[in-house]
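# Per-entry structural report
Residue-level listing of the chains:
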Amino acid sequence: MQQVFSIPKSIKQNSTFTFCPGCDHGVAVKLIAQIIDELNIQEDTIAVASSGCSVLLYNFLDVDCIESPHGRACAVATGIKRAHKAQGNNKFVFTYQGDGDFASIGLAESLHSALRGENITAICINNTNYGMTGGQLGPTTAMGQITTTSQSGRNKEYHGFPIKTAEHIALCDGTSFSARVALYDVKNIVNAKKQIKKAFEYQKKGLGFSFVEILSTCPTNWKLSPQEAHKKIEDELTKIYPLKVFKDVEND
Amino acid sequence: MIKNFIISGSGGQGVLSIGSILANIFMLDDLFVTYCTCYGAEMRGGAVNCEINMSDKEINTLQNEKVDFVIALNQASFDKFISKVKENGTMIVNSSLAKIVKPRDDIKYIFIPFSEEATKLGDIRMTNSIALGVLSKILGNFKLENVKKGYEKVLSSKTELIQKNIDAYLLGHNLK
Amino acid sequence: MSEKVLLKGNIAIAKAALNCGCSCYFGYPITPQTEIGEYLSAKMQEKKLAYVCAESEVAAINMALGASSTGAKVMTSSSSCAVALMQEALSYAASDELPIVLVNVMRAGPGQGYIFPSQGDYNQATVGGGNGDYKTIVLSPSSVQECADMTYKVFYLAQKYRNPVILLVDGLLGQMAEPITIKDNPYPNIDNSSWILNGAKNRASRKIHSLEPNPSILEERTLKLHQKYLEIEKNEVDWEEYNCENADYIITAFGSMARIAKSVADYYKTKGLNFGVFRPKTLYPFPYDRLRELSKKTKIFFDVEMNLGQMHKDVCQAVSQNSQIFFIGKPAGEWLKQDEIIKAIDNIFEGQYATSI
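The structure displayed is predicted, hence computed values, not measured ones. (Residues numbered from 1 in each chain as written. Chains lettered and ligands numbered in written order. Predicted model: local features only at pLDDT ≥ 70, side-chain atom pairs only at ≥ 80, totals over all residues.)

Our focus in this paragraph is the packing of helix α3 (residues 57–68) of chain C against helix α5 (residues 87–96) of chain C. Residue and element names in this part refer to chain C. At a minimum axis distance of 9 Å, the contact between α3 and α5 shows a crossing angle of 15 degrees. In terms of orientation, α3 lies roughly parallel with respect to α5. As α3 runs across α5, the sense of the crossing is left-handed. Here α3 contributes Ile61, Asn62 and Leu65 to the contact with α5, which in turn contributes Ala89, Tyr92 and Ala93. Among the residues making up the contact of α3 with α5, the classes are represented as five nonpolar, one polar and no charged. (Axes fitted to C-alpha atoms, helices over the stretch in contact; angles between N-to-C directions. Helix = DSSP H or I, 4+ residues; strand = E, 2+ residues; numbered from the N terminus. Parallel < 35°, antiparallel > 145°, perpendicular 65-115°, else oblique. Left-handed = near helix turned anticlockwise from the far one by under 90°. Contact = placed C-beta atoms within 7 Å. Nonpolar A, V, L, I, M, F, W, Y, C, P; charged D, E, K, R; others polar.)

Encoded structure:
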């Protein structure tokens, strides 16, 4: 009998995801683990997790991990990548961050890593709110979206506008790859894996900063069922945040 | 025995070059020396100065209210540092760019038109080295070997200027 | 290696860092320490080492944090108001037990202040501006020679204790040149193979983190850090004494101010008064015990600082209750000179005590 599914080698043995039911973090972590296995880079990988739900990565992924202060993941990853290079080692370094981490408190570090063409990969989970602290307005909260700090919905007078992260990163000359993907159905999950893998491969090829923004659910804070949350992504968020490859140096 | 010096002028007059050369000469003579390039608001607006302490013992008075010698390469420097000269100290002045006036009678003055002497030598940029030569004469003879080494250290990226500067230094040393 | 060279403190630090194998520097310009980064930018590129012109001091110290997790010898340098920006990462590095060397060439504060030389960051360095129960080792040089020698030592201590270490330098010293000898690094390399992140090859994967949701594990970890600090306090206290044995008066001062204090002590010697100078070389750990011992004989202390009394509280804590401590200091601006200190001490002798001049 042929085995068609197994837990990736790069997921820690006997670990159980502690993400909320219906949260896409679990899918994203699994995809990353599968790609690490497929590229055979488990022994060379150093992951940088940051503050928020994304920090839990290091409990599940079986690679060397460091936690960065809030927002500084790309700076920490820069240090790791460059320090290894100075010692003659080529290690695979990626960050795993939330949208608040990558695009709000850490925007300077993120953008400048892209501008420098830092040869690292950043994965940004965009769930349109600060999840771990209970769902506050973040840099990607959509116009009209209700959060605990925008209780009548985001409006331009009070809160201003959200950031389209993947589009911004694509504008940086040092960026090799920038895409936005989603995980609301099998087709999109397959595509997400393809794009993340490409981002990883671009780092392996030394092409510069590679980036994937993943539109993700936050059922707990959105106060929706997992099904409703995924439907919200499909129906609403993809209209605001189109799923697209915004930059690809090998194919542009 | 501690001696201290202020060298001052405007940007481009080579103040820091001769300051550094003087400090190197002291170092090569196995003396203790501290060398401070002017550090503070005075850096702005083109004024440049540096302060040098020299002693046969460890130097602990790092900043001085008054100094033994001031070299003023222009009028602004003269005006600024005249009050910093110790009683019986010496003010060495580039009279090409400063008036010959003696506002204090408790200090010694040496007025020499350094800029003119440098022009006579064919290069206005040698003004500073002539002044250093004059100072060397007052302090007693530096070992010429150390003077050369000092110039070599400081002008390592402009080697073509070393000999010219040493000639200017010697001219200053032999003036009067 | 033994030839004397005339160097600024900043350049001496940069040269010594390269000499002892610093392979990563991350920095952002700020006067009066910029020469460190300028010098290293050229040299490190030549040697294919890691040098990043960071987008901010926050990024610089976090790059240092990442780089230090690889076992590399890592340095960043900055000044006062910008070191304030780095405090968060220092707390993380202490918690993560990562060896980072931070050089702070002090300028005047508070706030942006100005580039005048100052000693206003004693509290920032020794007490720390980050959160939680953590400590940073702090060394304070008083000459350009010591700038170089202590650079070797801060790298060694950082590796030895896996802790951030600050070299706290007076702005005056960073900018002043003195003849020095760049010696060989006297310290051994520390084996770091048991904890660095270099890929989980033939070993279990490792994680370095400060987040800890389990209260008993967090408590245990913090207590373990505390034990390490006690060990540092036992092993690494360092100071200099200048005529302190049998002195009737002792001046306490750190950094280059201690040299000016020596010139003051020399002056009073010519007046027949027995003055000593006590200079902590490590500001954390502070030499409480030795100062306490000296205060059994010496009853009058003058604490001289280029601030409004920051080390003063440590001196007060150290000396016995029977001693009198007078503070002489002033905020940054013009450097406190020998004759100003003498005037202040003379005034104190005449009973006209003012807390600052």
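This next bit is on the nonpolar core. In this structure, A:Ala47, A:Leu57, A:Leu61, C:Cys24 and C:Val101 are the most contacted members of the largest nonpolar core, which totals 238 residues. With ten residues, the single largest contributor to this core is helix α7 (residues 144–161) of chain C. When residues of this core are assigned to domains, at least three map to each of domain 1 (4–190 + 207–235) and domain 2 (240–349) of chain C. Residues contacting A:Leu57, with those up to four places away along its chain left out, are A:Val29, A:Ala47, A:Ala49, A:Cys65 and A:Tyr96. (Core = buried A, V, L, I, M, F, W, Y, C linked by C-beta atoms within 7 Å. Buried ≥ 20, exposed ≤ 12 C-beta atoms within 10 Å, placed from the backbone. Domains from an automatic or database assignment.)

Between helix α3 (residues 73–86) of chain A and α3(C), whose axes approach to 6 Å, the crossing angle comes to 50 degrees. Classed by the angle they form, the pair α3(A) and α3(C) counts as oblique. The hand of the α3(A)/α3(C) crossing is right-handed. Of the residues in α3(C), those touching α3(A) at A:Ala75, A:Val76, A:Ala77, A:Thr78, A:Gly79, A:Ile80, A:Arg82 and A:Ala83 are C:Ala59, C:Asn62, C:Met63, C:Ala64, C:Leu65, C:Gly66 and C:Ala67. Its residues placed into classes, the contact of α3(A) with α3(C) shows ten nonpolar, four polar and one charged.

As a further point, take the interface of chain C and chain B. Facing the 20 residues of chain C at the interface are 16 residues of chain B. Tallied by class, residues from the side of chain C that touches chain B come to ten nonpolar, four polar and six charged. As paired elements, strand β2 (residues 32–37) of chain B and strand β8 (residues 176–181) of chain C share two bridges and run antiparallel to each other. Its bridge partner lying in β8(C), B:Cys36 is registered against C:Met176. (Pairing = 2+ DSSP bridges.)

Residue and element names in this part refer to chain C. Along the chain, Val264 turns up in helix α10 (residues 257–270). Residues Val264 and Lys153, 111 residues apart in the sequence, show an inter-C-alpha distance of 29 Å. Excluding its chain neighbours within four sequence positions, the residues that come into contact with Val264 are Ile251, Gln338, Ile341 and Ile342.

Residues and elements named next belong to chain C. Annotation of chain C at the domain level lists domain 1 (4–190 + 207–235) and domain 2 (240–349). Summarising the inter-unit geometry, the C-alpha centres of domain 1 and domain 2 are found 27 Å apart. Each partner contributes to the interface: domain 1 provides 25 residues, whereas domain 2 provides 21 residues. Listed by contribution, the elements that provide at least two residues to the side of domain 1 that touches domain 2 are α6 (122–126), β6 (137–139), α8 (171–175) and α9 (215–235). Here the element with the most residues in the side of domain 1 that touches domain 2 is α6; it accounts for four residues.

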